[in-house]
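Results of the structural survey
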Amino acid sequence: MKKEQCPLCYTDVEVTPCTPCHDCGHFEKEIEKFKNHGGNFTVYDLYEGLTLQLCDFCKIDFGSYKSEFLGFKDGTTIGFENMNFVKTIDSPKMEKDKFCPECSMRMKFLVFIRDLREKINNPDAL
């Protein structure tokens, strides 16, 4: 069976339990916090139809990602003020996702970053 690879660095990915947050959901402390207290999760359109499901902390903190990491060459960032509400997750549950040990990110977030970079560099591609 062929191993799946990270879309950014091509390291083999592993399956891991995650909270519903596509950004921080793979961190152990977030998993424990979710199991003990639950949480609020919302889907946002972050850039021209590209969506992510984020917890309350990550939606506010998302603007701290460097513009170069996101794929922008002009210093653009994506802060909370740029996010468009899509929907609230009514019954959030733990889920499994793939995780890149090199990038230390889960697959749903990695795919978002790959697609964002592609859309920024080639707006007609996606």
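Residues numbered from 1 in each chain as written. Predicted model: local features only at pLDDT ≥ 70, side-chain atom pairs only at ≥ 80, totals over all residues. Heavy atoms only, no water.

Negative phi values dominate among residues other than glycine, just as trans dominates among peptide bonds. With phi around 70 degrees, Tyr 10 is a residue other than glycine that occupies positive phi space. Examined against the element boundaries, Tyr 10 turns out to sit in the segment before β1 (14-18). A positive phi is found at Glu 48, a non-glycine position, where the angle reads about 45 degrees. Tracing the backbone through its elements, the reader meets Glu 48 in the loop between β2 (41-47) and β3 (50-55). (Helix = DSSP H or I, 4+ residues; strand = E, 2+ residues; numbered from the N terminus.)

Moving on: the sheet that holds strand β4 (residues 84-88). Taken in spatial order, the 3 strands line up as β3-β2-β4 in an open sheet, and their pairing is antiparallel. A strand with exactly one partner marks an edge of an open sheet, and here the two such strands are β3 and β4. The sheet shows a mean angle of 30 degrees between the axes of neighbouring strands, direction not considered. Relative to β4, β2 is paired through 4 bridges, and the arrangement is antiparallel. By the bridge assignment for β4, Thr 42 is matched with Thr 88. The sheet strands contacting helix α4 (residues 107-121) are β2 and β3, and the helix crosses β3 at an angle near 145 degrees. (Pairing = 2+ DSSP bridges. Axes fitted to C-alpha atoms, helices over the stretch in contact; angles between N-to-C directions. Contact = heavy atoms within 4.5 Å.)

With that settled, consider the nonpolar core. Generally speaking, soluble globular proteins have nonpolar side chains that are buried together. Core analysis: the biggest nonpolar cluster contains 30 residues, and Leu 46, Leu 54, Phe 62, Leu 70 and Phe 112 have the highest contact counts within it. For this core, the elements supplying multiple residues, two or more each, are β2, β3 and α4. When residues in this core are grouped by element, the largest group, 7 residues, is from α4. If we ignore the near neighbours within four places in the chain, the residues touching Leu 46 are Leu 52, Phe 62, Ile 78, Asn 82, Met 83 and Phe 112. (Core = buried A, V, L, I, M, F, W, Y, C linked by side-chain atoms within 4.5 Å. Buried < 20%, exposed > 50% of the residue type's maximum accessible area, 1.4 Å probe, protein only.)

Relative to the elements of secondary structure, Lys 119 occurs in helix α4. Put simply, Lys 119 is tucked away with no salt bridge, and the nearest opposite charge, on Glu 48, sits 4.3 Å away. In this structure the side chain of Lys 119 is engaged in a polar contact, spanning 2.7 Å, whose partner is the backbone oxygen of Glu 48. (Lys, Arg positive; Asp, Glu negative; His and termini not counted. Salt bridge = Lys/Arg side-chain N within 4 Å of Asp/Glu carboxyl O. Polar contact = N/O pair within 3.5 Å; in protein donor to acceptor, adjacent residues only side chain to side chain.)

As summarised here, the arrangement of the 3 strands in space is β1-β5-β6, forming an open sheet in which the pairing is antiparallel. The open sheet has two edge strands with one neighbour each: β1 and β6 (105-106). Two elements, β1 and strand β5 (residues 95-100), share 5 bridges in a ladder whose sense is antiparallel. The residue bridging Val 15 from the neighbouring strand is Lys 98, located in β5.

What is shown is where atoms sit, not what they do.
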